[in-house]
Amino acid sequence: ILNVEQSPQSLHVQEGDSTNFTCSFPSSNFYALHWYRWETAKSPEALFVMTLNGDEKKKGRISATLNTKEGYSYLYIKGSQPEDSATYLCARTTGANNLFFGTGTRLTVIP
Amino acid sequence: DTGVSQDPRHKITKRGQNVTFRCDPISEHNRLYWYRQTLGQGPEFLTYFQNEAQLEKSRLLSDRFSAERPKGSFSTLEIQRTEQGDSAMYLCASSLTYEAGNTIYFGEGSWLTVV
């Protein structure tokens, strides 16, 4: 994998469903993996920064895992709510700390 | 902590005109970044500063683009002789001096439309 790839591109779920997205990235020269939530007309909101293989982070109903050896991270949302509707972006950094983003997963939670 | 602020939020300009965007980072953040986002893409790195020094520029940053961060506080991004392909959202971000786990905080972005 040369670039950061996210799947699926978009997702519609019913309120109360749990869901997850995937972020794949080159495993070489890895420094950190960032997850952001971006709602329309707002700034991207930092969710997690993970650096170590096996890292797991949690913030309320949202959690993320990291596998640096195989180059992927999962973001989980438990019991989706309409306010979770947003684009979820992941980005990796290399030594210079420049973020290289995927194209995002657009989540729509249907009430 | 008022967050990263950007101005203007929206700019419509005629092709060939110059535009300038301003970014005020979170105070005490040494690093300041500029990104550009076009439809259907994730944000793409343009350049970053460590204090007042511009340390890296992407190949996306053509000669028509110039960024400055005098005194290591706010930054400006100027686009000269704008082209329709410059239409995008320009995002500014800031962080403390880099360590792998530091969070990078974004502003709300400046939308540019070149007509």
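Since we're looking at a predicted model, the values are computed, not measured.

What counts, and at which threshold
- Residues numbered from 1 in each chain as written.
- Chains lettered and ligands numbered in written order.
- Predicted model: local features only at pLDDT ≥ 70, side-chain atom pairs only at ≥ 80, totals over all residues.
- Heavy atoms only, no water.
- Pairing = 2+ DSSP bridges.
- Helix = DSSP H or I, 4+ residues; strand = E, 2+ residues; numbered from the N terminus.
- Axes fitted to C-alpha atoms, helices over the stretch in contact; angles between N-to-C directions.
- Contact = heavy atoms within 4.5 Å.
- Buried area = accessible area lost by both parts, 1.4 Å probe.
- Polar contact = N/O pair within 3.5 Å; in protein donor to acceptor, adjacent residues only side chain to side chain.
- Salt bridge = Lys/Arg side-chain N within 4 Å of Asp/Glu carboxyl O.
- Buried < 20%, exposed > 50% of the residue type's maximum accessible area, 1.4 Å probe, protein only.
- Disulfide = S-S within 2.5 Å.

Draft legend 1. Spatial organisation of the sheet that holds strand β8 (residues 75-79) of chain B. Residue and element names in this part refer to chain B. If you walk across this open sheet you meet the 4 strands as β1-β3-β8-β7, and the pairing is antiparallel. Looking at strand neighbours, the two that pair on one side only are β1 (5-7) and β7 (65-68), the edges of this open sheet. Ignoring strand direction, the axes of neighbouring strands in this sheet form an average angle of 15 degrees.

Draft legend 2. Examining the interface of chain A and chain B more closely. Between chain A and chain B, the residue contacts involve 23 residues of the former and 24 residues of the latter. Carbon and sulfur atoms supply 61% of the area buried between chain A and chain B, which totals about 1,700 Å² over both sides. Taken together, the links from chain A to chain B amount to 3 residue pairs in polar contact (both at pLDDT 80 or more). Counting only elements with at least two residues in the side of chain A that touches chain B, the list comes to β4 (32-38), β5 (45-50), β9 (86-93) and β10 (99-101) of chain A. By residue number, the principal contributor to the side of chain A that touches chain B is β4 of chain A, which donates 4 residues.

Draft legend 3. The sheet that holds strand β6 (residues 56-59) of chain A, seen in detail. Residues and elements named next belong to chain A. Pairing in this open sheet of 5 strands is antiparallel, and the strands run β1-β3-β8-β7-β6 from one edge to the other. The sheet terminates laterally at β1 (5-7) and β6, the two strands that pair on one side only. Taken pair by pair, the neighbouring strands of this sheet meet at an average axis angle of 15 degrees, ignoring direction. Of the pairings in the sheet, the one linking β1 to strand β3 (residues 19-24) comprises 3 bridges and is antiparallel in character. Paired with Ser7 across the two strands is Thr22, which belongs to β3.

Draft legend 4. Representation of the pattern of salt bridges. Residue and element names in this part refer to chain A. Counted under the stated rule, the structure contains 8 salt bridges over all chains. The partner of Glu45 in a salt bridge is Lys59, with the nearest N and O atoms 3.6 Å apart. Placement of Glu45 in strand β5 and of Lys59 in strand β6 is noted, with a sequence separation of 14 residues between them. The exposure class of Glu45 is partly exposed, given its relative accessible area of 29%. In this structure, Arg61 and Asp84 form a salt bridge, with 2.8 Å as the shortest nitrogen-oxygen distance.

Draft legend 5. Main features of the state of the cysteines. All names here are of chain A. The full count for this structure, using the stated rule, is 2 disulfides over all chains. Residue Cys23 pairs covalently with Cys90 via a disulfide, S to S 2.0 Å. Because the torsion about its S-S bond is 80 degrees, the bridge between Cys23 and Cys90 counts as right-handed. Placement of Cys23 in strand β3 and of Cys90 in strand β9 is noted, with a sequence separation of 67 residues between them. An identical accessibility class is assigned to Cys23 and Cys90; each is buried.

Draft legend 6. Fine view of unusual backbone geometry. The amide bond that connects Ser7 of chain A to the next residue, Pro8 of chain A, takes the cis arrangement and shows omega of -5 degrees. You can see Pro8 of chain A is positioned in the loop between β1 and β2 (10-14). With an omega dihedral of -5 degrees, the bond running from Asp7 of chain B to Pro8 of chain B counts as a cis peptide bond. A positive phi angle, near 55 degrees, is found at Asn29 of chain A, a position not held by glycine. Take Asn29 of chain A: it is sitting in the loop between β3 and β4. The backbone of Ala41 of chain A shows a phi angle near 70 degrees, a positive value even though the residue is not glycine. On the secondary structure map, Ala41 of chain A appears in the loop between β4 and β5. Exposure remark for Ala41 of chain A: the relative accessible area of 59% places this residue in the exposed category.

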